Amino acid sequence: SIYDDFFIEKKISETTIKFPNGLDRNIKHFPNNKWSNIFDIFLTTSTIEGELIEKKFKSKKIFQIGYPRFFNKQIKSENLKEEFFIDSKLKTIFCCPNERIVFEQNEDTIVKYIQTLKLLEKKYNLILRPHPKLQFTNPKFFLMFKNSGLNVDLKMNRSIYDLFLISDLIMVDYGSSVLEALYLKKKILVYEWLNEKKFKMLFDKKNCLDFIIREKIPESKFLANIQKDKTYDFVSRIENDDEYQLKINKLSDELFDLQKTNKNFTEFINSIYV
């Protein structure tokens, strides 16, 4: 069946290694049961991934190695700041809406989102990056973002890591970007769209790691119908809240444990080559 998972690793290898892909996980169904007879070694990004694999596949070797997408990155921040006209006197907000939740919206809710960002743009540097897939899945909404007059990043091959690093606040909704911001210990603003019910049911969000993390930081929730005069107050409070930053740091350490990552990466290399 073209809809079935098909794995060839065991047919072409003596030792098979499962690399991590993305950060979001459905903790109810992860890992895929079929992986048990396919992979000998599992490389993971988060502590919870390792725990879930160990619970289901008790005899497997598991090494937490961190997030490869963010490995060994060097950026020229000044070039980026010049490209996006960043005012060094202002804080920077990076907005990366999830393509799937955007797809579930209607024109009015997209207009509301753009209006909110334009309001924030008056007091902050703001960069909007619509997901590259959106231009194919919903060209109309993609064009609405593109023609909004906002500071929009349309480079499909740009590393999202670069934009995270030059930003002070990350506005997210769902998906890996929630966890990527947490990985980098960035302050998070969670935008709650007006049309979320169908999306959350369709993708079983109550069991997904991005939603679980969102629920642990309720103070970050930025409601789509927030009154205009309260928008600045909300963002300013998050921007200046040191306790919130400590909470983000703690959640990041619990989920990604970089000390364990560095130790396990060395052990992994030794287990293969020594």
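Coordinates for the structure precede this section.
All values reported here derive from a predicted model rather than from experimental measurement.

A. Structural detail: the nonpolar core. Counting 75 residues, the largest nonpolar core has Ile93, Tyr113, Leu117, Leu120, Met171, Ile188 and Val235 as the members making the most contacts within it. When residues in this core are grouped by element, the largest group, 6 residues, is from helix 5 (residues 107-120). In this structure isoleucine 93 touches Leu120, Tyr124, Asn125, Leu126, Ile127, Leu169, Met171 and Val235, once residues within four positions along its chain are discounted. Of all hydrophobic cores here, the second largest spans 5 residues; its members include Ile41, Phe63, Ile65 and Phe268.

B. Inspection of the layout of surface pockets at higher detail. Looking at the largest pocket, its volume works out to about 890 Å³. Lining the largest pocket are 32 residues, with Asp24, Asn98, His131, Gly175 and Ser176 sitting closest to its centre. Contributing elements (two or more residues each) for the lining of the largest pocket: helix 4 (99-103) and helix 9 (176-183). Take the lining of the largest pocket: its biggest share by element is 3 residues, from helix 9. Taken together, the residues of the lining of the largest pocket break down into 12 nonpolar, 10 polar and 10 charged.

C. Looking closely at unusual backbone geometry. A cis amide bond links phenylalanine 30 with the next residue in sequence, proline 31, at an omega value of -5°. Residue position: proline 31 is located in the loop between strand 1 (17-18) and strand 2 (41-44). A positive phi angle, near 60°, is found at lysine 185, a position not held by glycine. With respect to the helices and strands, lysine 185 occurs in the loop between helix 9 and strand 7 (187-192). For aspartate 204, which is not glycine, the phi torsion reads 50° and is therefore positive. Mapped onto the fold, aspartate 204 is located in the loop between helix 10 (197-202) and helix 11 (209-216).

D. Geometry of the side chain of asparagine 151. By the secondary structure assignment, asparagine 151 is in the loop between helix 7 (139-146) and helix 8 (160-165). Apart from residues no more than four positions distant in its own chain, asparagine 151 is found in contact with Phe84, Glu121, Leu126, Ile127 and Leu128.

Thresholds applied
- Residues numbered from 1 in each chain as written.
- Predicted model: local features only at pLDDT ≥ 70, side-chain atom pairs only at ≥ 80, totals over all residues.
- Heavy atoms only, no water.
- Core = buried A, V, L, I, M, F, W, Y, C linked by side-chain atoms within 4.5 Å.
- Buried < 20%, exposed > 50% of the residue type's maximum accessible area, 1.4 Å probe, protein only.
- Helix = DSSP H or I, 4+ residues; strand = E, 2+ residues; numbered from the N terminus.
- Contact = heavy atoms within 4.5 Å.
- 1 Å grid on protein atoms, 1.4 Å probe; cavity = no way out; pocket = protein on both sides within 12 Å on 5 of 7 lines; lining within 4 Å.
- Points joined across faces, edges and corners; volume = space filled by probe spheres on them.
- Nonpolar A, V, L, I, M, F, W, Y, C, P; charged D, E, K, R; others polar.

Bear in mind that shape data such as this cannot, by itself, settle questions of function.
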